[in-house]
Amino acid sequence: MSDSVVSLCAVTRRFAEVTAVDDLSLEIGRGETVALLGPNGAGKTTALEVILGLQRPDAGRVSLFGGSPWESVSDGRVGAMLQEGDLPPGARVAELVDLVRRLYPNPAPLAETLRVGDVDQIADRRVERLSGGQRQRVRLAIALAGGPELLVLDESTAAMDVAARRSFWTAAGAHASDGCSLLFATHRLEEADQVADRIVVVANGRIVADGPPDAVKAIARARGAVSFRVNGTPIELLGRLPAVEEVELARGRATLRTADPERTLRALLGAAPHLDDLEVTTSRLEDAFLVLTREEDSR
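As a starting point, this report considers the structure included with it. This structure is a prediction, so every number in the text was calculated from the model and none was measured.

Right, let's talk about the environment of P242 for a bit. With respect to the helices and strands, the residue P242 is situated in the loop between α9 (235–238) and β11 (244–250). C-alpha of P242 to C-alpha of V152: the two residues are 90 residues apart in sequence and 43 Å apart in space. Those residues in contact with P242 that lie beyond four places of it in its chain are T258, R263, T264 and A267.

Here G132 is to be found in helix α5 (residues 132–144). Sequence separation between G132 and T157 is 25 residues, and the spatial gap between their C-alpha atoms is 9.9 Å.

One can describe the packing of helix α3 (residues 93–101) onto α5 by two numbers: an axis separation of 8 Å at closest approach and a directional angle of 25 degrees. One element, α3, and the other, α5, form an angle in the roughly parallel class. The way α3 lies across α5 gives a crossing that is right-handed. Facing α3, whose interface residues are V93, L96, V97 and V100, α5 presents V138, A141 and I142.

Let us now look at the pattern of salt bridges. Taken as a whole and assessed by the stated rule, the structure comprises 18 salt bridges. Close ionic contact of E190 with R188 constitutes a salt bridge, the shortest N to O distance being 3.6 Å. Note on E190: relative accessible area 34%, which makes it partly exposed. Connected through salt bridges with shared partners, the residues D3, R30, R77 and E149 form a single ionic network.

A cluster of nonpolar side chains, contributed by I235, V247 and L249, occupies part of the molecular surface with about 220 Å² of accessible area. Relative to the assigned elements, I235 resides in helix α9. Take I235: its relative accessible area is 35%, and that puts it in the partly exposed class.

Quick look at the side chain of R137 now. Along the polypeptide, R137 turns up in helix α5. Residue contacts for R137: discarding those within four places in its chain leaves G117, D118, V119, I122, S167 and F168.

Right, let's get into the sheet that holds strand β8 (residues 198–203). An order of β5-β6-β7-β3-β8-β9 is seen for the six strands of this open sheet, with the pairing classed as mixed. The open sheet has two edge strands with one neighbour each: β5 (78–81) and β9 (206–211). The mean angle between the axes of side-by-side strands here comes to 15 degrees, regardless of whether they run parallel or antiparallel. For β8 and β9, the ladder comprises five bridges, and the chain directions are antiparallel. Bridge assignment links V202 to a residue of β9, and that residue is I207. Contacts from helix α1 (residues 44–51) reach β3 (33–37), β6 (150–154) and β7 (181–186) within the one sheet, and its direction differs from that of β7 by about 150 degrees. Sitting on the sheet, α5 touches β5 and β6, and the angle it makes with β5 is about 160 degrees.

Of the positions making up helix α10 (residues 261–271), those classed as buried are P261, T264 and L268. Relative to the axis of α10, the buried residues are bounded by an arc of 65 degrees and lie together on one face. Summarising the geometry of α10, the exposed residues directed more than 90 degrees from the buried face are E262, R266 and G270.

What follows concerns the sheet that holds strand β4 (residues 59–64). What the three strands build is an open sheet, ordered β2-β1-β4; its pairing is antiparallel. Edge strands, defined here as strands with exactly one partner in the open sheet, are β2 (18–29) and β4. Averaged over neighbouring strand pairs, the angle between their axes works out to 20 degrees when direction is ignored. In this structure, strand β1 (residues 4–15) lies alongside β4, joined through five bridges in antiparallel fashion. Bridge pairing in β4 links L8 to V62. In the packing of α1 onto the sheet, contacts are made with β1, β2 and β4, and the angle to β1 comes to roughly 120 degrees.

Rules of the game
Residues numbered from 1 in each chain as written. Predicted model: local features only at pLDDT ≥ 70, side-chain atom pairs only at ≥ 80, totals over all residues. Heavy atoms only, no water. Helix = DSSP H or I, 4+ residues; strand = E, 2+ residues; numbered from the N terminus. Contact = heavy atoms within 4.5 Å. Axes fitted to C-alpha atoms, helices over the stretch in contact; angles between N-to-C directions. Parallel < 35°, antiparallel > 145°, perpendicular 65-115°, else oblique. Left-handed = near helix turned anticlockwise from the far one by under 90°. Salt bridge = Lys/Arg side-chain N within 4 Å of Asp/Glu carboxyl O. Buried < 20%, exposed > 50% of the residue type's maximum accessible area, 1.4 Å probe, protein only. Patch = residues over 30% accessible without salt bridge, like charges linked within 9 Å, V, L, I, M, F, W, Y side chains within 5 Å. Areas by Shrake-Rupley, 256 points an atom, 1.4 Å probe, with all protein chains shown as cover. Pairing = 2+ DSSP bridges. Arc of directions from axis to C-beta.

This is the structure we're talking about:
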C-alpha cells in the first residue's frame, strides 16, 4: 500500500509459552476505519500495543507512517485510548484536555478538541463528577488532543450502555470523517458492522478474515437462523433437525443457528407445522464470526 499509515509484516509476539500474535501482517491506509474483531484472548490488545510501540515484537517489522512507532507517537501523529487508564480527580475537563494538547508540537485547537470529543458541554465539570460514559468521552478527547492522523482505540466502549456507545462512536467517527485513520479493537459484532468500513477478524493471534463487512458476512454463505415461539414444540427435536449447529432458548423463544436455513425450516415445519412468530434470517456478521473462529480453533 503506497500510502500506508500502519504496516505490520510477519509480526509475532510471545509471552513465555503463549503466542499472543502469530505471524501477523496488516496494512492500513489513510482514511480507513478498521475494526480488529475477535473474541477475548484473540491477541487484539497485544497487536495494538505492538503498533503503538508499547510491546516489542519477537519477530517481524512494524512501522507507522513509514517510520518507527515511537517517532510517530512523539510527533503527535498517533492518539490512543487503551483499556487501562483513569482521569486524575480534581481536574476539570477542559483543563485536563488542554494540559495534554500542550505536550504536542501541532495540537488541535482546544475548542475543536472538546467539540469533536463531544465534551464541550461538560468542559467545566470536575472529572470525579462524570458518568462512566462521559469519562470515556473525555479519554477520547485526550486521545484527540495532539491532532492525530491515526486514532487507536482498544475496547473503548466495553462498559457503556447503548446511548453512551452511540455518542462515543459519533464523536470518534467525526474525527475519522476528516480523512484520518481509525483503528479499533472490539469483540462487539454490532460495532464492527456499524462503524468500520473494513473488518479484520483475529483468532488465536492470527488474521482469519479481512475485508468490508459485507464480504466478511459472505463467508457465512447460506448460514443463518430460524427462530420462533416454543409454545409446546418438543425441545429435544430441535437439535436433531438437519443443518442445525446450535440451539438457543431464551424468554420462551427458540433460535436455531443453521448452516442451511431453508433445509432446517422444511424439516421443522414437517415436524411442527403450527409455529408462532416464525422468523428466518441469513448471513449475519455473527454467523461469519462463528464460522471463522471455529475453523481456527479446530486447527
